[in-house]
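Analysis of the macromolecular model
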Amino acid sequence: MAKGSRGVAVGVTVAEAGEPVDGVETAEPFAVRVTVRGYETDTQGHLNQSVYLQYAEHARWSLLQASGIRQSAMVDRRIGPVTLETTIRYRRELRAGDEVEVSCAFVWGEGRTFRIEQTVRKADGTVAAEVSAVCGMLDLAERTLLPDPRAALRELAADPAPLGLTGQ
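Basis of the calculations
- Residues numbered from 1 in each chain as written.
- Predicted model: local features only at pLDDT ≥ 70, side-chain atom pairs only at ≥ 80, totals over all residues.
- Heavy atoms only, no water.
- pLDDT = per-residue confidence, 0-100.
- Contact = heavy atoms within 4.5 Å.
- Salt bridge = Lys/Arg side-chain N within 4 Å of Asp/Glu carboxyl O.
- Helix = DSSP H or I, 4+ residues; strand = E, 2+ residues; numbered from the N terminus.
- Buried < 20%, exposed > 50% of the residue type's maximum accessible area, 1.4 Å probe, protein only.
- Phe/Tyr/Trp six-rings, centres within 6.5 Å; stacked < 30°, edge-to-face > 60°.
- Arc of directions from axis to C-beta.
- Polar contact = N/O pair within 3.5 Å; in protein donor to acceptor, adjacent residues only side chain to side chain.

For the chain, the name recorded in an unreviewed UniProt entry is Acyl-CoA thioesterase, with Streptomyces siderophoricus as its organism.

**Here we look at the confidence of the model for the chain**
Overall, the predicted model of the chain reaches an average pLDDT of 86, with 82% of residues at or above 70. Every residue in residues 1–24 scores below 50 in pLDDT, and together they form 49 contacts with partners more than four places removed in sequence or on other chains.

**Things to note about the pattern of salt bridges**
Overall, the coordinates contain eight salt bridges when judged by the stated rule. Arg77 is the partner of Glu155 in a salt bridge, and the nearest nitrogen-oxygen pair spans 3.3 Å. Residue Glu155 is located in helix H3 (residues 149–156), and its partner Arg77 is located in helix H2 (residues 71–77); the two are separated by 78 residues in the primary sequence. In this structure, the salt-bridge partner of Glu130 is Arg91, at a minimum N-O distance of 2.8 Å. A residue pair is termed long-range when its members are at least 10 positions apart, and Glu130 in strand S10 (residues 127–139) and Arg91 in the loop between strand S7 (79–90) and strand S8 (99–108) qualify at 39 residues. We classify Glu130 as partly exposed; its relative accessible area is 26%.

**Observations concerning the packing of aromatic side chains**
A complete count under the given rule lists four aromatic pairs for this structure. Consider the rings of Tyr52 and Tyr90, whose centres lie 5.0 Å apart with planes at 75°: the pair is edge-to-face. Residue Tyr52 is located in helix H1 (residues 49–66), and its partner Tyr90 is located in strand S7; the two are separated by 38 residues in the primary sequence. Given a relative accessible area of 3%, Tyr52 falls into the buried group. Each member of the aromatic cluster is reached from another via a ring pair, and the members are Phe106, Trp108 and Phe114.

**Points about H3**
Because each turn of an α-helix spans 3.6 residues, side chains separated by three or four positions end up pointing in the same direction. When H3 is considered as a whole, its buried residues turn out to be Pro149, Arg150, Ala152, Leu153 and Leu156. Buried residues of H3, viewed axially, fall in a sector of 165°; they line one side.

**A word on the side chain of Thr119**
Its place among the elements puts Thr119 in strand S9 (residues 113–122). With residues up to four places along the chain from it excluded, the contact list for Thr119 reads Glu101, Val102, Ser103, Val127 and Ala129.

**Details of the environment of Ser50**
You can see Ser50 is positioned in helix H1. In the structure, Ser50 is positioned ten residues away from Glu40 in sequence and 9.1 Å away in space, judged by C-alpha atoms. At 2.8 Å, the side chain of Ser50 forms a polar contact with the side chain of Asn48.

This is the structure:
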């Protein structure tokens, strides 16, 4: 099932080009393993493009669970995660039976949004896809973004370290 790293790097993150950026907080990547199922492939025999988003979403929810955040707790608080923008870079095809690891790292800046950076990697280390999303936490009653998503998630988390929310 899910195995995640508990280490936290403060002040360094990975930019789009893969270079460190000072002043932004992020956790070490958390990852889940997934086996590509035959019914997820398309007529070309490779993983359907929409399934990459499902794998990314699975890793995100697994990371929240590893932090001790249950979906029901968010519903009780009348808040929920929302994705505002997603970019997928397809690097190598995946075929039925391929074992992949889907990483997930929350990248925190200031304000109402944050980034989630993810990599879909084959068992041999080959990067199959990179997923980058701009997200926020939605007030389900007001239908607006919470002003401090870090505070909301930290309050719900039994272990905020996988989210990169330690020492604050």
